[in-house]
Amino acid sequence: MVSENRHDLPTIEGESQPFWDAAKEHRFLIARCGSCERVHHYPRPFCPYCWSEDVAWVEASGRATLYTYSTVFMNDMPPFRDRLPYLAAVVDLEEGPRVMTNLVDVDSSDLEIGMPLEVAYQQISPDVTVPVFRPAGSSAPAA
Ligand code: ZN
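The structure reproduced in this document is the subject of the present report. (Residues numbered from 1 in each chain as written. Predicted model: local features only at pLDDT ≥ 70, side-chain atom pairs only at ≥ 80, totals over all residues. Heavy atoms only, no water.)

**Here's the deal with the nonpolar core**
- If you look at the biggest cluster of nonpolar residues, it comprises 25 residues, and the most contacted ones within it are Phe28, Leu66, Val91, Leu103 and Phe133.
- Broken down by secondary-structure element, the contributors of at least two residues to this core are helix H1 (17–24), strand S1 (29–33), strand S4 (63–72), strand S5 (86–93), strand S6 (98–103) and strand S7 (116–123).
- The biggest single contributor to this core is S5, with four residues.
- Other than its neighbours up to four places away in sequence, Leu103 contacts Leu66, Tyr69, Leu87, Ala89, Val91, Leu111, Leu117 and Phe133. (Core = buried A, V, L, I, M, F, W, Y, C linked by side-chain atoms within 4.5 Å. Buried < 20%, exposed > 50% of the residue type's maximum accessible area, 1.4 Å probe, protein only. Helix = DSSP H or I, 4+ residues; strand = E, 2+ residues; numbered from the N terminus. Contact = heavy atoms within 4.5 Å.)

What follows is the structure, encoded as structure tokens:
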């Protein structure tokens, strides 16, 4: 795997390692603050609302609603050009955080803002599995 020629692999660091480890196990982790009890995503070692460092991982339900999306027709960076066209989206997790992601197993003509979604997982390298979303109730596996 020639990772230096890829632009889709995350930089996995200490504070995000548990998130990526869980994604490999098909679990979506978010962080909950023990002080103000709000949840956040992306992972941070402190609460972005009250700055407490009393932050713990919790497993999200995997349910979300579609906030917005865009069909990407042009992206010359590998490996994205091999995936064209693809659906970039922002979704609202049931728990609250708004997350940037990709949509799979759906045609853009079937998308509606606010529609229910569920998490799915795409393995993009031997070490990295990425959470993506698809319409709730989809039975087809993520591509
Ligand atoms: Zn807090």
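**Re the layout of surface pockets**
- For the largest pocket, the calculated volume is near 970 Å³.
- Lining the largest pocket we find 36 residues, and of these Met100, Thr101, Asn102, Val130 and Pro131 sit closest to its centre.
- For the lining of the largest pocket, the elements supplying multiple residues, two or more each, are H1, S5, S6, S7 and strand S8 (129–135).
- With five residues, S6 is the single largest residue contributor to the lining of the largest pocket.
- Classifying every residue of the lining of the largest pocket by side-chain character gives 22 nonpolar, 10 polar and four charged. (1 Å grid on protein atoms, 1.4 Å probe; cavity = no way out; pocket = protein on both sides within 12 Å on 5 of 7 lines; lining within 4 Å. Points joined across faces, edges and corners; volume = space filled by probe spheres on them. Nonpolar A, V, L, I, M, F, W, Y, C, P; charged D, E, K, R; others polar.)

**Looking at the coordination of the zinc ion**
- Within the first shell, the zinc ion binds the protein through Cys33 (SG), Cys36 (SG), Cys47 (SG) and Cys50 (SG), at distances of 2.3 to 2.4 Å.
- For the zinc ion, the donor residues sit on a single chain with the sequence spacing C-x2-C-x10-C-x2-C. (Donors = N, O, S within 2.8 Å, 3.2 Å for Na, K, Ca; no water.)

**Brief notes about the packing of aromatic side chains**
- Per the counting criterion, the structure on display carries five aromatic pairs.
- An angle of 90° between the planes, with centres 5.5 Å apart, marks the rings of Phe19 and Phe28 as edge-to-face. Exposure class is identical for Phe19 and Phe28. Each is buried.
- In this structure an aromatic cluster arises from ring pairing among Phe19, Trp20, Phe28 and Phe133. (Phe/Tyr/Trp six-rings, centres within 6.5 Å; stacked < 30°, edge-to-face > 60°.)

**With respect to the sheet that holds S1**
- Taking strand neighbours across the sheet as the criterion, the three strands line up as S2-S1-S3 in an open arrangement whose pairing is antiparallel. Two strands close off the open sheet at either side, each with one partner strand: strand S2 (39–40) and strand S3 (55–59). (Pairing = 2+ DSSP bridges.)

Everything listed here is a matter of coordinates, which is why it stays silent on function.
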